[in-house]
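Per-entry structural report
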Amino acid sequence: MVKVMRTHEAGALHSDGYGGAPQWLPYPPDVNALLPILWPAGVAKGDDGVLTVRGLPVTDIAKEFGTPAYVLDEDDFRARARAFRVDFGAPFADLGGLSVYYAGKAFLCAQVARWVLEEGLNLDVCSGGELAVAERVGFPGERIELHGNNKSAAEIEAAVTYRGTGVGRIVLDSFDEIERVAQAAGRLGIVVPVMIRVTVGVEAHTHEFIATAHEDQKFGFSLAGRHAAKAVAQILACAELDLRGLHSHIGSQIFDTAAFEVAARRVLGLHSEVAAEHGRALPELCLGGGFGIAYTSENTPLGPRELGDGLASILRRECAAEGIDVPAVSIEPGRAIAGPSTFTIYEVGTVKDVELDGGGRRAYVSVDGGMSDNVRTALYGADYSVTMANRAGAGTPMLSRVVGKHCESGDVVVMDEYLPSDVRPGDLIAVPGTGAYCRALSSQYNHVPRPPVVAVRPGPDGRGQARLIVRRESIEDILGLDLDD
Ligand SMILES: *Cc1c(COP(=O)(O)O)cnc(C)c1O
């Protein structure tokens with residue numbers, strides 16, 4: 001099955017519609033209204049147009065913590081984490097069970113690691129730094145897995161000795177690494193539980209995916225090239241490694257289960273081949289993460305329950321076809337838990353009215369952050385939405401582009417959205433869906449200190465209370481790295 005994939009998440013949809021707006025972007029009947037699917041559950045707007053989180057006005061948050069700031073609805077994050085464990089997991093109860101690993105690379109800090117722990121999820125880390133965050137909060141080793149296509153000797157050592165017992169599993173990505181982990185295990189006299197990352201020839205982005213026989217990318221062992229089968233044989237022959245199962249991750253921002261179906265069929269093919277050839281049913285199977293979220297009105301993600309039902313029935317069917325039991329399944333959602341829990345507030349600095357070549361106008365709204373706090377737009381043409389956050393706009397909907405303060409013309413936060421035409425310097429605007437891969441991918445470009453993460457949860461009186469879970473970087477933090485002596 002071959003389908004066409006777009007090179008960018010948003011690329012092909014950026015053909016111009018009326019007056020310079022892309023075709024997918026509807027002209028809003030009410031430019032101040034929120035589209036609920038884009039926002040954390042605790043966010044609302046009152047008649048005054050002020051955005052609130054659990055009843056706490058973002059104007060108060062801006063006053064206390066400054067702008068820009070990432071604002072995270074803690075209960076929303078926890079509810080999404082729980083929904084993957086409970087709702088996604090439900091249809092797996094009478095199969096081999098389901099384990100959920102939160103993909104820490106989407107956004108990780110000590111508080112988030114604690115929430116993940118408290119909500120009963122496991123943790124997926126892909127560097128020594130992420131593992132150090134887990135250690136800081138005492139995350140149990142058996143509930144951690146380590147990923148990465150080039151884990152250093154130090155990272156492998158840190159993982160296998162983590163809190164005395166080591167991590168629950170290391171996902172092996174190359175023949176060099178099999179040797180490296182086996183050597184570390186031998187030296188320490190331990191047996192290390194491992195998975196094999198299999199490249200199944202399915203690459204999925206948004207609503208489309210491409211399924212090929214071969215894979216031209218850096219991750220995993222090729223299925224078609226028989227490297228994965230060779231890795232299985234090598235690991236099974238190695239006394240220091242305990243092969244728990246096969247792992248497949250096919251991409252990110254995926255909206256339906258069709259791509260998972262192709263991937264599951266392929267990886268289960270190898271799984272049952274291992275059972276036949278080595279007389280060994282591997283106990284586990286990981287299908288990775290990549291579940292999509294809504295960044296704009298054009299995205300229609302499935303909920304955890306629908307995804308779980310879809311994946312469970314695929315596994316039941318494919319395992320029946322192979323004549324094998326359904327193994328214990330795991331998944332690794334990152335974006336779908338962290339992404340929608342958070343929005344970014346910015347203060348507007350300048351507004352420019354620009355005439356477009358094909359007719360029409362666009363407002364360039366400059367904010368006090370930009371590609372340093374959200375690089376996804378510049379990096380892969382991601383689309384975002386934005387709303388006025390400190391008052392109800394009185395003007396008509398004006399096609400707008402939210403741009404940052406950095407010295408790059410590609411420094412765009414929101415490519416296309418309507419804002420009220422009276423948006424002006426000093427206004428607060430809020431961009432939803434910035435919980436995943438924004439703070440995590442942030443930089444200090446132009447020596448702009450990185451924004452804080454402000455978490456809001458209901459206080460004793462039920463009203464939202466804000467606290468810092470990652471503080472704002474200071475100029476001293478940045479200058480402190482710069483040695484001039
Ligand atoms: C990035 C990644 C994930 C998480 O992807 P999301 O799109 O954030 O759900 C899960 N597993 C692996 C191996 C990854 O590389």
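The structure reproduced in this document is the subject of the present report.

Moving on to the overall build of the chain. Counting its regular elements, the chain contains twelve helices and 24 strands. Rg of the C-alpha trace for the chain: 24 Å, near the compact-globule value of 23 Å for 485 residues, within the 12% margin. With the principal axes as the frame, the chain shows a C-alpha extent of 70 × 55 × 50 Å. Looking at the chain as a whole, 54% of its 485 residues are labelled buried. Long-range pairs, those at least 24 residues apart, make up 74% of the contacts in the chain with a sequence separation of at least 6. When the accessible surface of the chain is totalled, it reaches about 19,800 Å², and 51% of it is carbon and sulfur. If you average the places of the 45 positive and of the 64 negative side-chain charges in the chain, the two averages end up 2 Å apart.

Residues three or four positions apart in an α-helix share a direction because the helix packs 3.6 residues into each turn. Between its terminal C-alpha atoms helix H9 (residues 304–322) stretches 26 Å, which fits the 27 Å expected from 19 residues at 1.5 Å a residue. Along H9, the residues that are buried comprise Leu-307, Gly-308, Gly-310, Leu-311, Ala-312, Ile-314, Leu-315, Glu-318 and Cys-319. Looking one or two places after H9, you find Gly-323, whose phi comes out positive at around 70 degrees.

We now examine the environment of Glu-355. Along the polypeptide, Glu-355 turns up in strand S17 (residues 342–355). Sequence-wise, Glu-355 and Gly-20 are 335 residues apart; in three dimensions their C-alpha atoms are separated by 9.9 Å.

Let's shift gears to the sheet that holds strand S14 (residues 251–254). The strand order S11-S10-S14 describes an open sheet built from three strands, whose pairing is mixed. Edge positions in the sheet fall to strand S11 (208–211) and S14, since each of these pairs with one other strand and no more. Across the sheet, the axes of successive neighbouring strands diverge by a mean angle of 25 degrees, strand direction being ignored.

Rules used throughout
- Residues numbered from 1 in each chain as written.
- Predicted model: local features only at pLDDT ≥ 70, side-chain atom pairs only at ≥ 80, totals over all residues.
- Heavy atoms only, no water.
- Helix = DSSP H or I, 4+ residues; strand = E, 2+ residues; numbered from the N terminus.
- Rg over C-alpha atoms; globule rule 2.2 N^0.38 Å.
- Buried < 20%, exposed > 50% of the residue type's maximum accessible area, 1.4 Å probe, protein only.
- Contact = heavy atoms within 4.5 Å.
- Areas by Shrake-Rupley, 256 points an atom, 1.4 Å probe, with all protein chains shown as cover.
- Lys, Arg positive; Asp, Glu negative; His and termini not counted.
- Charge placed at Lys NZ, Arg CZ, Asp CG, Glu CD.
- Expected span 1.5 Å × (residues − 1).
- Pairing = 2+ DSSP bridges.
- Axes fitted to C-alpha atoms, helices over the stretch in contact; angles between N-to-C directions.

Bear in mind that shape data such as this cannot, by itself, settle questions of function.
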